[in-house]
Amino acid sequence: MDAVLKNGSASHQRKSPKEIRRPSREEAEAAVRTLLAWTGDDPDREGLLDTPKRVVKAYSELFGGYFEDPIQHLERTFEDVGGYKDIVMVRGIPFHSHCEHHMLPFIGQAHIAYYPAEGVVGLSKLARVVDIFAKRLQTQENLTAQIASAIDDQLAPRGLAVLLEAEHQCMTMRGVQKPGVSTITTQFTGIFQDEPAEQAKFMSLVRGGGL
Ligand SMILES: Nc1nc2c(ncn2[C@@H]2O[C@H](COP(=O)(O)OP(=O)(O)OP(=O)(O)O)[C@@H](O)[C@H]2O)c(=O)[nH]1
Ligand SMILES: [Zn+2]
């Protein structure tokens with residue numbers, strides 16, 4: 001199955017962007033106009049005239065991840081690493097995504113570690129994978145699972161650990177209104193799943209401790 005389409009479970013397979021009719025830019029702008037009027041403001045006042053255009057442009061950027069393939073960034077691996085087989089960790093990758101329930105941002109950091117099997121991947125590519133999945137409507141759990149699944153499928157490492165920590169604006173600005181709450185999600189495979197000591201080592205590295 002294509003990782004772009006992959007969801008947490010087979011019973012919830014998603015349509016690919018190609019299977020969904022994408023409204024035209026004009027239709028999207030008209031929808032923003034409708035929302036502006038619904039808030040109680042006047043979409044024809046000067047300050048709001050260009051807002052539908054700006055919002056649609058901003059959405060193209062914020063949700064650009066639907067039109068990118070994360071796998072493509074993981075295809076190139078390097079095997080000339082002096083036989084290095086120990087842990088590789090990229091810590092504190094900042095990301096911003098949007099929750100699929102309210103379309104409000106959740107913002108945080110991703111931490112990724114793996115034990116190479118055949119080769120290593122360019123470090124920036126791990127951050128690119130995070131960005132591509134983050135630029136879609138997400139739950140934090142699904143985002144974590146999609147990042148882990150793409151890297152695990154492509155690199156087949158001896159073990160992979162992914163931890164995301166984020167603050168959800170839908171819990172901060174509205175609803176329950178609890179600023180400062182962080183949500184942590186993890187996904188472990190291979191030796192990180194099988195060996196508690198490896199999980200503990202990862203958690204210690206995430207927190208900035210030593211081995
Ligand atoms: N599990 C999970 N829940 C999320 C995430 N982002 C937002 N939510 C939650 O999604 C839930 C949606 O609940 P609903 O009762 O359908 O919607 P709501 O009435 O807007 O809920 P409140 O936020 O409690 O006002 C809320 O509890 C949110 O906190 C996420 O990434 N993962
Ligand atoms: Zn939400």
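Residues numbered from 1 in each chain as written. Chains lettered and ligands numbered in written order. Predicted model: local features only at pLDDT ≥ 70, side-chain atom pairs only at ≥ 80, totals over all residues. Heavy atoms only, no water.

What follows covers the environment of Leu 35. Its location among the elements puts Leu 35 in helix H1 (residues 25-39). Separated by 35 residues in sequence, Leu 35 and Pro 70 have C-alpha atoms that sit 32 Å apart. (Helix = DSSP H or I, 4+ residues; strand = E, 2+ residues; numbered from the N terminus.)

Further remarks concern the site of ligand 1. Taken together, the residues surrounding ligand 1 are Cys 99, His 101, His 102, Thr 139, Gln 140, Glu 141, His 168, Cys 170, Met 171, Arg 174 and Gly 175. Note that an oxygen atom of ligand 1 is positioned 2.8 Å from one of the side-chain N or O atoms of His 101. Between ligand 1 and Glu 141, the relevant distance is 2.7 Å, taken from a nitrogen atom to a side-chain nitrogen or oxygen of the residue. Starting from 630 Å² of accessible surface for ligand 1 in isolation, the protein chains cover 50%. Broken down by secondary-structure element, the contributors of at least two residues to the shell around ligand 1 are helix H5 (140-155) and helix H6 (169-172). By residue class, the composition of the shell around ligand 1 is three nonpolar, six polar and two charged. (Near = heavy atom within 4 Å. Polar contact = N/O pair within 3.5 Å; in protein donor to acceptor, adjacent residues only side chain to side chain. Areas by Shrake-Rupley, 256 points an atom, 1.4 Å probe, with all protein chains shown as cover. Nonpolar A, V, L, I, M, F, W, Y, C, P; charged D, E, K, R; others polar.)

At a minimum axis separation of 10 Å, helix H4 (residues 123-134) and H5 run at an interaxial angle of 140°. In terms of orientation, H4 and H5 fall into the oblique class. The handedness of the crossing between H4 and H5 is right-handed. Mapping the contact onto sequence places Leu 126, Val 129, Val 130, Phe 133 and Ala 134 in H4 and Leu 143, Gln 146, Ile 147, Ala 150 and Ile 151 in H5. Here the contact of H4 with H5 is composed, by residue class, of nine nonpolar, one polar and no charged. (Axes fitted to C-alpha atoms, helices over the stretch in contact; angles between N-to-C directions. Parallel < 35°, antiparallel > 145°, perpendicular 65-115°, else oblique. Left-handed = near helix turned anticlockwise from the far one by under 90°. Contact = heavy atoms within 4.5 Å.)

This part covers the domain arrangement of the chain. Taken domain by domain, the chain comprises domain 1 (10-62) and domain 2 (70-206). One C-alpha centre belongs to domain 1, the other to domain 2; they are set 29 Å apart. Across the boundary between the two partners, domain 1 contributes four residues, which contact seven residues of domain 2. Considering only the side of domain 1, the residues that lose the most area to domain 2 are Arg 14, Tyr 59 and Leu 62, jointly responsible for 88% of the buried surface there. Counting across the interface, domain 1 meets domain 2 through zero salt bridges. Counting across the domain 1 and domain 2 interface gives zero residue pairs in polar contact (both at pLDDT 80 or more). When the residues that make up the side of domain 1 that touches domain 2 are grouped by side-chain class, the tally is two nonpolar, no polar and two charged. (Domains from an automatic or database assignment. Buried area = accessible area lost by both parts, 1.4 Å probe. Salt bridge = Lys/Arg side-chain N within 4 Å of Asp/Glu carboxyl O.)

Distances from the zinc ion (ligand 2) to its protein donors, Cys 99 (SG), His 102 (ND1) and Cys 170 (SG), fall within 2.1 to 2.3 Å. All donors to the zinc ion (ligand 2) come from one chain, and their sequence spacing reads C-x2-H-x67-C. Taken together, the residues span a long stretch of sequence, with His 102 in the loop between strand E2 (88-99) and strand E3 (105-115) and Cys 170 in helix H6 at a distance of 68 residues. You can call His 102 partly exposed: its relative accessible area is 37%. (Donors = N, O, S within 2.8 Å, 3.2 Å for Na, K, Ca; no water. Buried < 20%, exposed > 50% of the residue type's maximum accessible area, 1.4 Å probe, protein only.)

Here we come to the sheet that holds E2. Spatially, five strands are ordered E5-E2-E3-E6-E7 in an open sheet, and the strand pairing comes out mixed. Strands at the two margins of the open sheet, each flanked by one partner only, are strand E5 (137-138) and strand E7 (183-189). Taken together, the ten bridges between E3 and strand E6 (residues 159-168) define a ladder with antiparallel strand orientation. Bridging from a neighbouring strand, Gln 109 pairs with Glu 165 of E6. Its contacts with the sheet place H4 against E2, E3 and E5, and it is angled at close to 15° to E2. Helix H8 (residues 196-206) rests against E2, E3, E6 and E7 of the sheet, and its axis sits at about 130° to E3. (Pairing = 2+ DSSP bridges.)

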